[in-house]
Every structure is written in structure tokens, then in C-alpha cells.
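Chain residues, written in single-letter form:
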Amino acid sequence: MELTDLNLLLKLLFSHLIVDFILQTNKIVRKKREGKYQYHIIHSLTQALVTYIVAGLWNCWFIIPVIFITHFAIDLWKITQKEKLYSFIIDQVLHILVLCTLWVVITKQYAAVGDILQNIMKCDKCWIYLIGYLLILKPASIFLGLFTKRWRDKGNVSESLQNAGQWIGYLERILIITFILIGKIEAIGFLLAAKSIFRFGELSKSKEIKTTEYVLIGTLASFTIAIIIGLIMNWLSTHPGSVI
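These numbers were taken from a predicted model, which means no experiment stands behind them. (Residues numbered from 1 in each chain as written. Predicted model: local features only at pLDDT ≥ 70, side-chain atom pairs only at ≥ 80, totals over all residues. Heavy atoms only, no water.)

A. Structural detail: the overall build of the protein chain. Along the protein chain, the regular secondary structure elements total 12 helices and zero strands. Secondary structure of the protein chain in N-to-C order comes out as α-α-α-α-α-α-α-α-α-α-α-α. Burial status across the protein chain gives 29% buried among its 244 residues. Taking the contacts inside the protein chain whose residues are at least 6 apart along the sequence as the reference set, 72% of them involve residues at least 24 apart. Accessible surface computed for the protein chain: about 15900 Å², of which carbon and sulfur atoms make up 70%. (Helix = DSSP H or I, 4+ residues; strand = E, 2+ residues; numbered from the N terminus. Buried < 20%, exposed > 50% of the residue type's maximum accessible area, 1.4 Å probe, protein only. Contact = heavy atoms within 4.5 Å. Areas by Shrake-Rupley, 256 points an atom, 1.4 Å probe, with all protein chains shown as cover.)

As C-alpha cells, this is what we get:
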């Protein structure tokens, strides 16, 4: 892949970010959700023109209709969905896929994309990372839920935000194995200290001791799982061809 090819991809992504997040105001988003289709047209046309101008490929005029039509269609789908995280992610993934496809067509990087996909399928390290990150999400949460069930069933745990503990666990375990894989194990200590600060005051309240103990058990169990999986991932990725 030549530098000029990468430069074009970066320009396409830059154009999308500028128009979709900077130039698109809250008023435009609100009007689009109210069914004012003129705002859809204006926004999609702006996206198409800005992308064409920033790309600077004047002979590739098809950029305008491709971006306009796809952006308009994707945004129309989005307003039919509730304002949830999944709809935002799908919306952005679709926009980026369009830009990547457009980039491949313009630069004729068909062979390069095929080689990249083939290398990923054959890359042991990629599969190790993928399996490891998946393990520390839902499977780890199920295990921790079963592990802490005995204390939770006794009613010693105070109310908290819905699913907040689960998402905190996801994020902390992702950070832990990431720190291990990039060789920054010492950062795990700072992560544990930062989380402990939020529970420090409760240690002096007798009525909250049980809750604090429950949180500490869950936290240490979560950290232990993430550290073990992270160390295994790191060992496997640095010892290709090894069999345990």
C-alpha cells in the first residue's frame, strides 16, 4: 500500500468526522428525528460535497452520488431506531464501510485487502487476542456471578445502577489484559487503587462493611481472572507454535 493510498483513506474518514459530528448540530439531529426530510437531504449533500472536495480527486465525480445516497439511506434507517448505543455503533460502522469500499474501488486495492484478510485468518496472534478479549467479557461475568451468588443471595448488597457493575467489570478486565499485552503490568496497580478510592469511605461505616467486602471479593476475583487470561495470552502470543 502506497502512502498516497493511505492519505486518501484518512481524508475520507476526516470528512466523515467533520460533517457527521462537527457540522451536524443538535438542531439538525432533532429535525431529522421529527421527520423533516429536507434536513436529511441537506446533511447528506453536505457530507457528499465535503468528502469530494477534501479527497481532491476531481475526476472521481461518482463520490458525490455514492456518499449522498448511502448516507441518506443509513440515516433514514437510524431515525427508525431508538436512541441506543447499538444503533449509533451500527450507523457509524455502515458509514465507515462505505468509505472503505469507496477507497478500495478508487485505489484498486482489491489484492491488498484480500491479502490482509488472508493474513488475519492465518494469524495465530489475532485469534489468541480475539478469544482472550471475548473470554473476559460475558463468560467471565457469568463465572463471577456464580462465584459471588452466595453473598448476593443473602441480601447484603446495596442497590446500584442497573448493569453498572457488569460494565465496570468489562472495562476493568479489558484494561488489565491490554496493560499486560503492551507490557505495562504496573498500571494494573493504579487501576486497582483508583477503584478502591471510591469505596474507601465505606470502610468506616459498619452498616456498609458487608457491601464493601462483597465489592472487594468481586473486584479481586475479576482482576485475578483478567490477569490469568492476560498472562496466558501474552505467553501464547510470544511463543508461537507452543502447545500447553
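Past the structure itself, the notes keep going.
B. Just the UniProt feature "transmembrane region" (unreviewed entry) in the protein chain, in detail. Here, UniProt's "transmembrane region" (unreviewed entry) annotation points to residues 49–74, 86–106, 127–147, 167–193 and 214–236. The distance from the first to the last C-alpha atom of residues 86–106 is 30 Å, and the span holds 100% helix and 0% strand. Summarising residues 127–147: 90% helix, 0% strand, and an end-to-end C-alpha distance of 28 Å. (UniProt positions renumbered as here; feature names shortened; annotations may be inferred.)

C. Quick peek at the packing of helix α4 (residues 63–79) against helix α5 (residues 85–107). At their nearest, the axes of α4 and α5 sit 10 Å apart, and the two run at 165° to each other. Between α4 and α5, the interaxial angle falls into the category roughly antiparallel. The way α4 lies across α5 gives a crossing that is right-handed. Facing Ile63, Val66, Ile67, Thr70, His71, Ile74, Asp75, Trp77 and Lys78 of α4, the residues of α5 in contact are Ser87, Phe88, Ile90, Asp91, Leu94, His95, Val98, Leu99, Leu102 and Ile106. Here the residues of the contact of α4 with α5 are counted per class, giving 12 nonpolar, four polar and three charged. (Axes fitted to C-alpha atoms, helices over the stretch in contact; angles between N-to-C directions. Parallel < 35°, antiparallel > 145°, perpendicular 65-115°, else oblique. Left-handed = near helix turned anticlockwise from the far one by under 90°. Nonpolar A, V, L, I, M, F, W, Y, C, P; charged D, E, K, R; others polar.)

D. Geometry of the nonpolar core. Core analysis: the largest hydrophobic core is formed by 18 residues, its most contacted members being Ile176, Ile177, Ile188, Phe223, Ile225, Ile229 and Met233. When residues of this core are traced back to their parent elements, those giving at least two are α8 (138–147), α10 (164–181), α11 (186–197) and α12 (209–238). Counting residues per element, this core draws most heavily on α12, which supplies six residues. Residues within four places of Ile225 in sequence aside, it is in contact with Ala140, Phe143 and Leu144. Membership of the second largest hydrophobic core comes to 16 residues, among which are Ala48, Tyr52, Leu99 and Leu102. (Core = buried A, V, L, I, M, F, W, Y, C linked by side-chain atoms within 4.5 Å.)

E. Region of the structure containing the side chain of Asp75. Along the polypeptide, Asp75 turns up in helix α4. Among the residues examined, Asp75 registers a relative accessible area of 5% and is labelled buried. Dropping the residues within four chain positions of it, Asp75 is found in contact with Lys32, His40, His43, Asp91 and His95.

F. Geometry of the packing of helix α7 (residues 124–135) against α10. It is the contact of α7 with α10, at a shortest axis distance of 10 Å, that shows an interaxial angle of 150°. Our classification of the angle between α7 and α10 gives roughly antiparallel. The two elements α7 and α10 cross, and the hand of that crossing is right-handed. Of α10, the residues touching α7 (which contributes Tyr129, Gly132 and Tyr133) are Ile174, Ile177, Thr178 and Leu181.

G. Up close: the packing of aromatic side chains. Applying the stated criterion across every chain, the model contains six aromatic pairs. Seen from their ring centres, Phe68 and Phe72 are 6.1 Å apart, and the 20° between their planes marks the pair as stacked. Pair noted here: Phe68 and Phe72 are both in helix α4, with a separation of four residues, about one helical turn. Ring geometry for Trp167 and Tyr170: centres 5.2 Å apart, planes at 80°, overall edge-to-face. Of this pair, Trp167 and Tyr170 both sit in helix α10, three residues apart, which is roughly one turn of that helix. (Phe/Tyr/Trp six-rings, centres within 6.5 Å; stacked < 30°, edge-to-face > 60°.)

H. How the structure looks around the state of the cysteines. Per the stated rule, a full pass over the model turns up zero disulfides. Lacking any disulfide linkage, Cys123 is separated from the closest cysteine sulfur, that of Cys126, by 3.0 Å. (Disulfide = S-S within 2.5 Å.)

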